[in-house]
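Per-entry structural report
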Amino acid sequence: MKTKLLIGLMWMWAAWANAAPPIGFDFWNHLGTNEGLSQNEVHCILQDHRGLMWFGTQDGLNCYDGQRVQVFRQAPFDSTSLSDDFITTLHEDSKQRFWVGTAKGLNCYDFAKGTFRRSSQLKTVILQIIEDKNKAIWVQTKTTWWVMATNETEFKVTKRSPDDAKKALLAQITPLLPAKVSVSSLITDHLGIVWVGTRGQGIYRFRYEADKQQYVPLDAFDEDFFDTNGLKSSHITCLYEGNEADEDIVWIGTREAGVQLYSRSKNTFKHWERLFTQESAATRTFFGLTTDKKGHLWVGSYSGLYRIHRATHDIRTYKTPPNTIVETSLEDTQGSFWVGGNTGLFHLDNTQQQFETFNLPLYEGHQPWVLRIYEDPSQQVWVGTRGYLAQIDPQKKVRTWKELPVSKTTKAKLESVGTIQRDAKGGMWIGMRQGLIYWPSPTQYARLFQNNPNDAKSLISNMILDVHVDAKQRVWICSAKGLSLAKHQDGKVEFEHFTEKNGLTNSFVYGAMSDKAGDLWLTTNGGLIRFNPEKKTFRTYTSQDGLGGLEFNSGGFHRSPDGEFFVGGNGMLLSFRPDELVINKHLPRILLRSFKKFEKPVVHLDSIIASGQPIRLDYDENFFSFEWAALDYTNPSSNQFAYRLEGFDKDWVYTGTRRFVDFTNLNPGNYKLWVKAANNEGKWNDRDYLQLSLVITPPFWKTWWFYGLLFLLVAAVAKLLYDNHVRQLLALERAKLEENERVRKLAAQDLHDEFGNTLTRISLLTELVKNRMNGQVGGEVGELLTKISDNANRMYQGTKDFIWAINPEHDSLYEIAVRLKDFGDDVFDKTGIRFNVEGLNDALRGVNLPTGASRHLVLLFKEAMSNTLKHAQATETTLSFVPTPDLLRIEWQDNGRGVDLERSRPGNGLMNIQTRAEKIGGVATLTSPKHGGFVVLFERPCA
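To keep things clear, this report deals only with the structure shown in the data block.

What counts, and where the lines are drawn
Residues numbered from 1 in each chain as written. Predicted model: local features only at pLDDT ≥ 70, side-chain atom pairs only at ≥ 80, totals over all residues. Heavy atoms only, no water. Helix = DSSP H or I, 4+ residues; strand = E, 2+ residues; numbered from the N terminus. Contact = heavy atoms within 4.5 Å. Areas by Shrake-Rupley, 256 points an atom, 1.4 Å probe, with all protein chains shown as cover. Pairing = 2+ DSSP bridges. Axes fitted to C-alpha atoms, helices over the stretch in contact; angles between N-to-C directions. Core = buried A, V, L, I, M, F, W, Y, C linked by side-chain atoms within 4.5 Å. Buried < 20%, exposed > 50% of the residue type's maximum accessible area, 1.4 Å probe, protein only. Phe/Tyr/Trp six-rings, centres within 6.5 Å; stacked < 30°, edge-to-face > 60°. Expected span 1.5 Å × (residues − 1).

**Digging into the overall build of the protein**
Tallying secondary structure elements over the protein gives 8 helices and 64 strands in all. Taking all contacts inside the protein whose residues are at least 6 apart in sequence as the whole, residues at least 24 apart take part in 54%. Carbon and sulfur atoms form 51% of the exposed surface of the protein, whose accessible area is close to 48,300 Å².

Structure, rendered in structure tokens:
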């Protein structure tokens, strides 16, 4: 058993020692002093419970949110600052206490206050801080271990040490490492990969194979000084991975290169250009990519042609004529290898392993510039040049076309043929710098398509860079102005275009390739773009996604028979397998990083958030802003944001990558701000929102109490004005009433004097006439004198009632009652009818009636009394007065024979009773009980 183990270890050592030098396929992002880090020697890394990253250096503690770095240092004479700038270790415990070990003691950071609390016991070098499974805090110094006491305010020295699972893992890994490797740090990531950091030998990775029940080498990363995105230091000080689900980043601290970030999603691209790190820029500009049957990758550049063994990474350089630019290459079905460029077409002599010129018809006195080599399904090799289209059959015979007929009289020139592609019908699409040609067959007319500015369905650009036919036989046109889809409609060909307006991030499309899922991969001047033709969506990969650059080149795209995609451009030579690309699934939390009023930051922001209280603003603080950070570190500049201000916005406002928002002139009130974030893949975190409550206090003149006071003030003023107006009206009314009463009183006196005297004189004169005739009056003259006397008496009596009624002193109910009593006493005297009056007392003096009502009321009941006297045959009558606060009631009742009101029609007297009652706002009710009698009931509401 020991022998087998020894053999296994020797084999692994040999594998590490004899393996080819790392190609440097790894892609790293860097965070150093140029990005704001306080110093490049990083000793410890930690992510806190909020998602912020912390880095301890020899010159301060750094907090990083993906966009900016905040530095904490020891401040002289400030006991709330760090005890020292040399940060040795970091730890956040289960109670979210943030411990910072330094070269001069232990510190605990208060997130709410932004201050540090120094330990009064531990003032020496802190090497390590650990929390065990029992939640106990252990602190290691140079001489001993300390453990926090149960009171959590002090530490006690202990002779024990906490269990460390890394020791057992290191014991398993150490035998697998090359000799004399000094391990500085070790972690196991969430995928089970073991990362081993060393002092000067870079990083080694191992994976556990369950069937073998052992760890085996996975790969290794070493310093790559020449490449921009390589590992910048082989001296690894610490390794760290956060605890959140779907973490994409592993953080590496180095001795002199700051923090290195390894993104799994960015490291699915292989960087073949790393093989040319020390070459010139001309060599590192790649065109004409292809692969052969032996697994080689062929690469053209400004400085020649290279063949790379895809397994061993060996490179062979092939000689080409001076200043040759290799733009296109192809291995045909027969195994012949072709290369084309600005100096012509070349054919590989497999025996000599040298390229020989394959002579084509001269163009302008020279071998033509070859732009594209293509083999069709019938094994015909087609060559596109600047001067014509050439065909090479399997016997190497050449046929050329300088133009193609598009009608009986018109031909289209074939110049600058940059792409050739047959479709499912056997027709050939030929792309040029001055248009697109579709050639159905050699016996049919060709069709020329060019841009028509007045036709949106015409070709979008005359510069055609590539034609691609996908698995569904759709024809896609790549041009200098975008991507187009050729559609056959009613015998015509129309084009549907996709440009920057449709989501294409760059419209200069060099080429297209289809993957197994049917997506198109487009090489452009703005990165690599994945296009879903069904959903019509775009996903752009840029330098920030692991490409290392943005600009690709013509002919710099190829899909190998085994499904690996190769793309080349300026400083980039990449390969990837679309179905193996790692997508960043980490959902970012969002954190408020800045709150400003009138562009001035508000201090103690963390304490405001920790309090959970609303942010209160005065009404005149009407310009404020918030800035936040999405805590996903794969590509922070591509994180996206959305916010909704509840109480103002109905829907989410998507701001793209803008990480701040300004508010101006919000109305006073209560608001709630909701913010969410998405990572660089556009995956939104719909679970963890940032929530902030805002209260904008109104000015005092818009508060409820001010409105209340204002209402009371207005009401008081209105009441004063109203009361004054009422007083004026009452005074005017009293004046009018007094004047009316004065006029009525004078009129009553004058009428009494005038009418009384005149009527009296008429009566006296009549009697004198009778007396002087000594009783001889008779016949017609006597009757006339008698009538004159009777009418004068009746007129006198009626005039007395009228004069009495207009006197204002008689408007009270008491005067009316007295008047009716006097009238009844006179009428029923000596008639045998008993006349009773009820309710006549001083209480009636307080009941006043409107002007004119007394006359109608007196006449109403006089009519009732007269009817009783004339028709009732009564023996007893009663007049009752019953005033109440709400209703005036006067009732006349007799015990006579009664009246059949249902059968007999009321006479004029009874009708006058009801009419007079209505004129003064009352109601007269006439009833006659079955046992006899008659009742007149007058009712009127009291004013």
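**Overview of the sheet that holds strand S23 (residues 296-301)**
Ordered by their spatial adjacency, 4 strands build an open sheet running S22-S23-S24-S25, and the pairing between neighbours is antiparallel. Taken across any chain shown, the strands that pair with only one partner, and hence form the sheet edges, are strand S22 (286-291) and strand S25 (315-318). On average, each strand axis in the sheet is inclined to that of its neighbour by 20°, with strand direction left out of account. One ladder, built from 4 bridges, connects strand S24 (residues 304-309) with S25; its direction is antiparallel. Its bridge partner being in S25, arginine 307 is matched across the sheet by arginine 316.

**A look at the nonpolar core**
Judged by nonpolar contacts, the single largest core of 34 residues is most densely connected at Leu857, Phe861, Leu879, Ile890, Trp892 and Phe938. Tallying contributions element by element places helix H6 (residues 813-828) first for this core, with 8 residues. Ranked by size, the runner-up nonpolar core spans 33 residues in total, among them Leu61, Tyr64, Phe98 and Phe116.

**Quick notes on the packing of aromatic side chains**
Scanning the model with the defined rule gives 63 aromatic pairs in all. Judged by centre distance (6.3 Å) and plane angle (50°), the rings of tryptophan 195 and phenylalanine 221 are tilted. One end of the pair, tryptophan 195, is in strand S15 (residues 194-198); the other, phenylalanine 221, is in strand S17 (residues 214-221), and 26 residues separate them in sequence. The pair formed by tryptophan 195 and phenylalanine 221 is uniform in burial state, with each residue classed as buried. Taken together, the ring pairs connect Trp54, Phe72, Phe98, Tyr109, Phe111 and Phe116 into an aromatic cluster.

**A look at the sheet that holds strand S42 (residues 482-489)**
Across the sheet, 4 strands lie side by side as S40-S41-S42-S43; this open sheet has antiparallel pairing. Since the sheet does not close on itself, it has two edges, and those belong to strand S40 (464-469) and strand S43 (492-498), each with one partner. This sheet shows a mean twist of 25° between the axes of neighbouring strands, independent of strand direction. In terms of strand pairing, S40 meets strand S41 (residues 475-479) through 5 bridges, oriented antiparallel.

**Here's the deal with helix H7 (residues 853-872)**
Taking 1.5 Å as the rise per residue, H7 with 20 residues should run 28 Å; its terminal C-alpha atoms sit 27 Å apart, in good agreement. Glutamine 873, located one to two residues past H7, shows a positive phi value of around 55°.

**Re the pairing of strand S58 (residues 669-678)**
The buried fraction of S58 is high, at 7 of 10 residues. Note: strand S55 (residues 640-646) against S58, 7 bridges, orientation antiparallel. When the bridges of S58 are listed, alanine 642 appears paired with lysine 676. Pairing of S58 with strand S59 (residues 690-696) involves 7 bridges; the strand directions are antiparallel. Among the inter-strand pairings, tryptophan 674 is bridged to a residue of S59, identified as glutamine 691.

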